[in-house]
Amino acid sequence: MIHNVAVETHPEIPLWNDPALSVTTRVSALIEAMTPEEKIAQLYGVWVGASDEGGDVAPHQHDMEEAVDLDALLPTGLGQLTRPFGTAPVDPALGALSLLRTQARIASANRFGIPAVAHEECLAGFAAWGATAYPVPLSWGATFDPDLVHRMASAIGRDMRSVGVHQGLAPVLDVVRDARWGRVEETIGEDPYLVGTIGTAYVRGLEDAGVVATLKHFAGYSASRAGRNLAPSPMGPRERADVLLPPFEMAVREGGARSVMHAYTDTDGVPAAADEDLLTGLLRDTWGFDGTVVADYFGIAFLKTLHGIAADWAEAAGAALRAGVDVELPTVKTFGAPLVEAVAAGRVPEKLIDRALRRVLTQKALLGLLDPDWNPVPAALDGADLDDPRALRGRIDLDGPGNRELARTVAEEAVVLLSNDGTLPLARPRRIALVGPNADEPTAVLGCYSFPQHIGVHHPATPVGIDLPTLRTTLAAEFPGTEFTLAHGTGVDDGDVSGIPEAVRAAGEADVVVAVLGDRAGLFGRGTSGEGCDVESLALPGAQQRLLDALLDTGRPVVTVLLAGRPYALGRAVTEAAAIVQSFFPGEEGTAALAGVLSGRTAPSGRLPVSVPRGAGAQPTTYLGARLAQASEVSSVDPTPAFGFGHGLTYTTFAWSDLAVDVEQAPTDGEFSLALTVRNTGERHGTEVVQLYLHDPVASVVQPVQRLVGYTRVPLAPGEARRVRVVVPADLASFTGRDGHRAVEPGALELRFAASSTAPPLTATVTLTGPRRRVDHTRRLHAVFGQEPSAGG
C-alpha cells in the first residue's frame, strides 16, 4: 500500500494511469495491485512476426522453442514483443498496422491495459523490409566521426519510432580482441576509446529519437577464446576493467542508454547472465544505471543447457533475476510457468520479481505506455484509413532520399585508402578489368544484421526491398567512356579456380584491374563473416588470394577493393598492388561511395578501426599489445600489422609542426594543454585525423605500448593550416592497478600526436607529480580538442 502521499489524484482513473502523479508512485501502485502471474508476465517477451495483411502478429516458431499460445498468455499481460518487423518481409505500413492491432489486443486482454514494448535490431539500420541499410558498425568506427554517427542513429531511431517500435538492440560495444571472431563486423573497432565515443554517439542519437538503446554484449563476448562465437572468455580482471568495460561505462554515463543486454559468455567460470557483481554491483550500484537489463536471446536458458550452473528452468530464472536480469528475450521459456511455480513454492523470492518489475514498469511509464490517453496508432499511420489495409501498402517509406544521402555520407567517410602508388584516383582509363566475386554482387555491401542478409535470404521469392547497385553499375556510371570487362575469377569461398585464367586474360587486355574481393555476410556458417562465421585464419576466404596473386603476376596495375566484415592478410598485395581500398560492408550506398573514391570525386578520409594483419596466422593480436606482444628475436611469429590501427591515406599530403606544451609538469589531478599545427601541403582538399596516443614508459603493472586517448577530424583546403589545441586531463593516464582499483600514478608520460598508431609521432614528454591518486567512474573521460586558423595558414 502507498501511505501518506499528499498528491492531487483523478478518482476516475487508477493511480498507475494518472500522469499527474510521479512515475514512482504510479509504478508502486501498479505493483501493489498485481498478482504474481501478472507481475511475471511483464518480464518476458514473445517472438512474433507482423502480418503482411495487416492482421495481428503471429508467434514465431523458433527451432529452439516450443510453440507459444498467445491467447493463453495475454490475459496476464505481456512485457515485450520481439521483432515484429524483423521476422519476415512485411510492407512497413502493413507491419505498423499489424503491430498496432496487436498492441490494442494486448492492452485490452489484461486488467491494467498495459501494452508491450516492441523491440527490433538496428545494428546497420532498422532491420525491417524496405528500410535503409546503413554501413555496419565497423564502418562507423572507420569514420572517426561521432557527430555523423549521431545523425545516422537519430534517423534510424525516428524511422523505428514512427512505426511503433520502442527499443533497439544496438549498439554493440564489444572491443575486438581477435579478428577471427565472426562478429567483428558488428563491432566498432579494437580500441576502447574509439568504441566508447562512437558507440555513445549512436546511443545519444537513438535515445534522442525516443528509442531505448540497448548496450551489448555486457561483458566480454568479444574476448572469447580463439575467436569462437559463444566460447569462454579467458580474460583477467584488469583486461576486463581497462579494455572491455570503458565503452559501456561511457555509454551509461554520457549516452543515457536505458537498457543493457548481458553477454552469452562466462568469465572465469561465471556466466554474465548470472554475474551479480557485474549486472548489479558494477552496473547499478557503482555506475548508477537505472534502466532494464535484458537477456541476450535464450541466454537465461543457456544457464542450464550450455553453462550447467542450473539444474532446471526455474533455477536458471532465479539465478538471472538474482544477478540483475529483468527481461527474458526473445520469448518466454524460463520466466513463464517455471518461474511462477518457483515463486509459489518459495524457491525464488517474490521481491526479486518486484525489483525487476519496477524497472520494467518505470520504463513503460516513461515511454507513455501507462498513460490514459495511450494510443496504439503510430505517427506514420496518423490519419490513415486503418480499415483498408490494401490502401496502406506503400504508404510508409523507410528509405527516403534523406536516409540514402546520410547512408552515402557515412559510407564515404568510412572508406579507408590503405596504399596507393599514384594510380588512384583513376585518370579515365580506356579499359578496366573488373574482377572478383564481389564485383557484380548486390549484397556484397551488406552485413549479417541487415534485413536482406538476416531475414531476406530465407524469402528468395520476395524482392530485396531496397536499391542495391553493384560496384559494376556504379563504376560504369562514374566512368561513362570506359570499356569494362567483367570476370568472376572465383567465388567468395567456393575454392573454384577454373575462372582465374579468364580473369588473367581480362587483366592483360586492360589498362587497370579493379579486383573486388572480401566476404559474404551470413549467420552460423552461411557466410564468411557474421554471427557464428568464425575463421581459423585471416587469409582471404576461398581461392581469392590465388586470384589476387594471379592478377599481380600480369604486371598490370591492380587496385584491390575489399568489401568485407573483418580485416584480412593480403599477402603480396601489401607491397605489389597499385592501391588497396578497404570498405567494411558500407551499406546500400557503399558502391557509389567507392566509385567516388576511385574516380577522385570523393577524397578518402576513413581510418582503420582495426589493424590489417601482415600474416594470416598471427592472431589474436591488436595494436594495444604490451612490449612482450611486439615482434622479437625469440619468436618466429611476427604480429606487426601490414597497416596499423588508425591508418588511412587521402589524395593530398599534410605537414605537422610546432608542437607546444604549456607546462611539462602537472599534478595527478591536473591537466596538460598542448597545440600543434596541421597544414595541407598538397593540391587537393583533404581531411586529416589527428590522433592522440598515450605511452606510459614505467607503470606499476604492464601497460600497452600506446593507447588512443583522443582524436579529431581536421578538414583542410589546399595550403590551409589549422592550429589544433587539446587539453589532456591526467585522468586519461589512469589504469587498474595491482589492488584492483583505477588510479593515476606519478611519473613521466609521452603524449604522441600521430596520423595512426604506426605513423611517426610528434611527441611531448610530460610528467605527473604528487601522490598516486585513486579515481572512479566519475573521472574525466575525454581530451578536449579545439581548432582555429593558424597564423599564416
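Residues numbered from 1 in each chain as written. Predicted model: local features only at pLDDT ≥ 70, side-chain atom pairs only at ≥ 80, totals over all residues. Heavy atoms only, no water.

## Points about the overall build of the chain
When helices and strands are counted, the chain shows 22 helices and 30 strands. Here the C-alpha atoms of the chain give a radius of gyration of 27 Å, agreeing with the 28 Å that 2.2 N^0.38 yields for 793 residues. Counting only C-alpha atoms and orienting by the principal axes, one finds that the chain spans roughly 80 × 70 × 50 Å. Within the chain, buried positions represent 62% of all 793 residues. Within the chain, contacts between residues at least 6 apart in sequence are counted, and of these 79% link residues at least 24 apart. Accessible surface for the chain amounts to roughly 28,000 Å². Of this, 50% is attributable to carbon and sulfur atoms. (Helix = DSSP H or I, 4+ residues; strand = E, 2+ residues; numbered from the N terminus. Rg over C-alpha atoms; globule rule 2.2 N^0.38 Å. Buried < 20%, exposed > 50% of the residue type's maximum accessible area, 1.4 Å probe, protein only. Contact = heavy atoms within 4.5 Å. Areas by Shrake-Rupley, 256 points an atom, 1.4 Å probe, with all protein chains shown as cover.)

## Comments concerning the sheet that holds strand β27 (residues 747-754)
Sheet strands line up and pair through hydrogen bonds in the backbone, either parallel or antiparallel. As summarised here, the arrangement of the five strands in space is β20-β28-β27-β22-β23, forming an open sheet in which the pairing is mixed. Each of the sheet's edge strands pairs with one partner strand only, and the pair in question is β20 (665-667) and β23 (707-716). Here the strands of the sheet are splayed against their neighbours by 25 degrees on average, with no regard to which way each runs. Pairing between strand β22 (residues 686-695) and β27: five bridges, direction antiparallel. Looking across to β27, one finds that Gln691 is bridged to Ala754. (Pairing = 2+ DSSP bridges. Axes fitted to C-alpha atoms, helices over the stretch in contact; angles between N-to-C directions.)

## With respect to the packing of aromatic side chains
Counted according to the given criterion, the structure contains 16 aromatic pairs. Measuring from ring centre to ring centre gives 5.1 Å for Phe144 and Tyr711, while their planes differ by 75 degrees; the resulting arrangement is edge-to-face. Note that Phe144 is positioned in the loop between α5 (137-143) and α6 (146-162) and Tyr711 in strand β23, a separation of 567 residues in sequence. You can call Tyr711 buried: its relative accessible area is 10%. Taking 6.0 Å as the distance between ring centres and 80 degrees as the angle between the ring planes, the aromatic pair formed by Tyr623 and Tyr693 counts as edge-to-face. Taken together, the residues Tyr623 in the loop between β17 (612-613) and β18 (641-643) and Tyr693 in strand β22 connect sequence positions 70 residues apart. (Phe/Tyr/Trp six-rings, centres within 6.5 Å; stacked < 30°, edge-to-face > 60°.)

## Quick notes on α6
Here α6 is 17 residues long and its end C-alpha atoms lie 24 Å apart, about the 24 Å a rise of 1.5 Å per residue gives. By the burial criterion, the buried members of α6 are Leu148, Val149, Met152, Ala153, Ser154, Ala155, Ile156, Gly157, Asp159, Met160 and Ser162. Of the surrounding secondary structure, the elements contacted by the buried residues of α6 are β4 (117-120), α5, β5 (167-168), α7 (192-208) and α16 (401-414). Looking one or two places after α6, you find Gly164, whose phi comes out positive at around 105 degrees. (Expected span 1.5 Å × (residues − 1).)

## Description of the environment of Ser700
Mapped onto the elements, Ser700 comes out in the loop between β22 and β23. In this view, Ser700 contacts Phe735, Arg738 and Glu745; residues no more than four positions away in its chain are not counted. A distance of 2.3 Å separates polar atoms of two side chains, one belonging to Ser700 and the other to Glu745. (Polar contact = N/O pair within 3.5 Å; in protein donor to acceptor, adjacent residues only side chain to side chain.)

## Notes on the side chain of Gln691
Following the sequence through the fold, Gln691 ends up in strand β22. For Gln691, a relative accessible area of 0% corresponds to the buried category. Here Ala755 takes part through its backbone oxygen, which lies 2.8 Å from a polar atom of the side chain of Gln691.

## Focus: the sheet that holds strand β21 (residues 671-680)
Here we have four strands laid out as an open sheet, ordered β19-β21-β24-β30, and antiparallel in their pairing. Since the sheet does not close on itself, it has two edges, and those belong to β19 (654-661) and β30 (784-789), each with one partner. Here the average twist between neighbouring strands, direction ignored, is 20 degrees. Examined bridge by bridge, β21 and strand β24 (residues 721-729) share nine bridges and lie antiparallel to one another. Bridging from a neighbouring strand, Ala675 pairs with Arg725 of β24.

## Quick look at the nonpolar core
Counting 190 residues, the largest nonpolar core has Phe126, Tyr202 and Phe218 as the members making the most contacts within it. In this view, Tyr202 contacts Cys122, Trp140, Val149, Met152, Ala153, Ile156, Ala170 and Pro171; residues no more than four positions away in its chain are not counted. Within the second largest apolar cluster, 29 residues are counted, among which are Leu417, Ala444, Leu475 and Tyr651. (Core = buried A, V, L, I, M, F, W, Y, C linked by side-chain atoms within 4.5 Å.)

## What to know about the side chain of Asn403
Turning to its location among the elements, Asn403 is positioned in helix α16. Other than its neighbours up to four places away in sequence, Asn403 contacts Thr132, Tyr134, Ala155, Asp159 and Leu398.

## Looking at the pattern of salt bridges
Inspection of the entire model under this criterion finds 40 salt bridges. With a shortest N-O distance of 3.8 Å, Arg713 and Asp145 are connected by a salt bridge. Of this pair, Arg713 sits in strand β23 while Asp145 sits in the loop between α5 and α6, and the two are 568 residues apart along the sequence. Side by side, Arg713 and Asp145 carry an identical accessibility label, which is buried. Among the ionic pairs, Asp739 bridges to Arg772, the shortest N-O distance being 3.8 Å. Of the two residues, Asp739 is situated in the loop between β25 (735-736) and β26 (742-744) and Arg772 in the loop between β28 (762-769) and β29 (773-774); the sequence distance between them amounts to 33 residues. (Salt bridge = Lys/Arg side-chain N within 4 Å of Asp/Glu carboxyl O.)

## Overview of the packing of α16 against helix α22 (residues 590-599)
With their axes 8 Å apart at the nearest point, α16 and α22 run at an angle of 45 degrees to one another. It follows that α16 is oblique to α22 by the angle criterion. Handedness of the crossing formed by α16 with α22: right-handed. Contacts between α16 and α22 involve Arg408, Ala411 and Glu412 from the former and Gly590, Ala592 and Ala593 from the latter. A class-by-class count of the residues in the contact of α16 with α22 yields three nonpolar, one polar and two charged. (Parallel < 35°, antiparallel > 145°, perpendicular 65-115°, else oblique. Left-handed = near helix turned anticlockwise from the far one by under 90°. Nonpolar A, V, L, I, M, F, W, Y, C, P; charged D, E, K, R; others polar.)

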